[in-house]
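Reading the structure
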Amino acid sequence: MRQQKLRAAIRAADLDGLIVTHLPNLFYLTNFLGTAGVAVVMPERVFLIVDFRYNAAVRSLAASDYGSPDTEIILVDRSYDETLVAHVRTLQAPRLGVEGSNLSISRFDHLRKSLGAAATLTPTEGLVEKLRIVKDPHEIEMLRRGALLLSAVALDVLHDAKPGLSEQELAAKVDWRIKSAGFERCSFETIVASGTNAAHPHAHAGERLLRAGDLVVLDFGGVYGGYCVDLTRTVALGQPDAEQQRVYDAVLEAQDAAIAAVKPGARAGDIDRAAREALGGHKLAEAFGHSTGHGLGVEIHESPRIGPRREATADAPAPPDDAIEPGMVFTIEPGAYVPDWGGVRIEDDVLVTPDGVEVLTNVPRALLIN
Ligand code: GLY
Ligand code: MN
Ligand code: MN
């Protein structure tokens, strides 16, 4: 099904086939999970090129429900690119797309020279990524299960945040809990940002010791069945002061407003504006410097981007403001970051349903006081 949709996109781009080199796309199309591999998707066949390390894995994949009778497994002989070139030469002068955002210029040049007249290579943008934006039932099931599992992890993790621990120690506990719960791995480097460090949205966990009076931002995620989930909560160590509670309540209000704006037919920019206006009402518009959310899937950051509508410039027309459709899964994660003071972020994962929104993560959102 995914391969059929891709074939329609390949035809619409006036190409005969696509060389897939971006590994998340390879996983999406073939369920092959490895650190190297190339696929050539043609109208009737898919060539999956892997090296001997993955021979057993792809043979069992081919025999599984995910195997597709038109997939031909090719083992690398000498190098990936020599094998790729040799097989493309058997395809009779096709017009092939390559993944422009993924292939290096030097590899593109090398492939083009090696193929000569045997094929023409054309850079394409996001042919597979566009298919990934709306999730199919299997993907929704993985994301739903992942989000529930991450919510269970969160309940433990949030109580681990105690004065005296360093950010790094707390991050290590988070990672241990994620893996022990059954996730394949963390979906990104866990963020533990305490006190003034929380003023940086993507702070790295460091040596700072947590102490009473801190707000601590914990942002973590796991990969379940190949799919990434992502959650953030902000915890107070000891009774929050009035300003901490005020900023927290403003971010919570922004998250509520953004979630309420999620429905089919809305625009990503509408959802982002709902969060931004809520924060603006508390004089915190300047403190919110990132997008409201991002798509989740086989990558932790993918389309749709839930951010401000991008206006046309002298050089470029306005990009389409993504229309929200049922089956999209993305985060809603407004925050407020105040230099030399600290920060607050609250992040949940949502699924767009035919008539609105389902919040997949399920963790209390009131400020937790440890
Ligand atoms: N930590 C990555 C994110 O929340 O987007
Ligand atoms: Mn996120
Ligand atoms: Mn996150």
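The text that follows walks through the structure, step by step, so that each part is easy to find.

How each quantity is defined
- Residues numbered from 1 in each chain as written.
- Chains lettered and ligands numbered in written order.
- Predicted model: local features only at pLDDT ≥ 70, side-chain atom pairs only at ≥ 80, totals over all residues.
- Heavy atoms only, no water.
- Axes fitted to C-alpha atoms, helices over the stretch in contact; angles between N-to-C directions.
- Helix = DSSP H or I, 4+ residues; strand = E, 2+ residues; numbered from the N terminus.
- Parallel < 35°, antiparallel > 145°, perpendicular 65-115°, else oblique.
- Left-handed = near helix turned anticlockwise from the far one by under 90°.
- Contact = heavy atoms within 4.5 Å.
- Nonpolar A, V, L, I, M, F, W, Y, C, P; charged D, E, K, R; others polar.
- Buried < 20%, exposed > 50% of the residue type's maximum accessible area, 1.4 Å probe, protein only.
- Pairing = 2+ DSSP bridges.
- Donors = N, O, S within 2.8 Å, 3.2 Å for Na, K, Ca; no water.
- Tetrahedral: all angles 85-135°; square planar, octahedral: opposite > 155°, others 65-115°.
- Near = heavy atom within 4 Å.
- Polar contact = N/O pair within 3.5 Å; in protein donor to acceptor, adjacent residues only side chain to side chain.
- Areas by Shrake-Rupley, 256 points an atom, 1.4 Å probe, with all protein chains shown as cover.

Our next topic: the packing of helix α7 (residues 137-160) against helix α8 (residues 167-180). The relative placement of two packed helices is expressed as an angle between their axes plus a distance between the axes. Orientation of α7 relative to α8, taken along the N-to-C sense of each, is 160°, at an axis distance of 10 Å. Compared by their axis directions, α7 and α8 come out roughly antiparallel. Like other packed secondary-structure pairs, α7 and α8 cross with a definite hand, here right-handed. Residues V153, D156, V157 and D160 of α7 form the contact with α8, whose participating residues are L170, K173, V174, R177 and I178. Looking at the contact of α7 with α8 residue by residue, the class counts come to five nonpolar, no polar and four charged.

This next bit is on the pairing of strand β8 (residues 191-194). Burial along β8 is two-sided: the face carrying I191 and A193 and the face carrying V192 and S194 are both buried. Pairing between β8 and strand β9 (residues 215-224): four bridges, direction antiparallel. Paired with S194 across the bridge in β9 is V216.

What follows deals with the coordination of the manganese ion (ligand 2). The protein atoms that coordinate the manganese ion (ligand 2) are D230 (OD), H294 (NE2), E333 (OE) and E347 (OE), at distances spanning 2.0 to 2.2 Å. Coordination at the manganese ion (ligand 2) comes from six donor atoms whose angles at the metal span 52 to 156°, giving a geometry best classed as irregular. Taken in sequence order, the residues that donate to the manganese ion (ligand 2) follow the motif D-x63-H-x38-E-x13-E. A separation of 3.2 Å is found between the manganese ion (ligand 2) and the manganese ion (ligand 3), which share D230 as a coordinating residue.

Near ligand 1, the surroundings consist of F188, I191, H202, D219, D230, H294, H301, E333 and E347. Contacts to ligand 1 include H301, whose side-chain N or O atom sits 2.8 Å from an oxygen atom. E347 places a polar side-chain atom, nitrogen or oxygen, 3.3 Å from an oxygen atom of ligand 1. In isolation ligand 1 offers 200 Å² of accessible surface; the protein chains occlude 95% of this area. Residue composition of the shell around ligand 1, grouped by class: two nonpolar, three polar and four charged.

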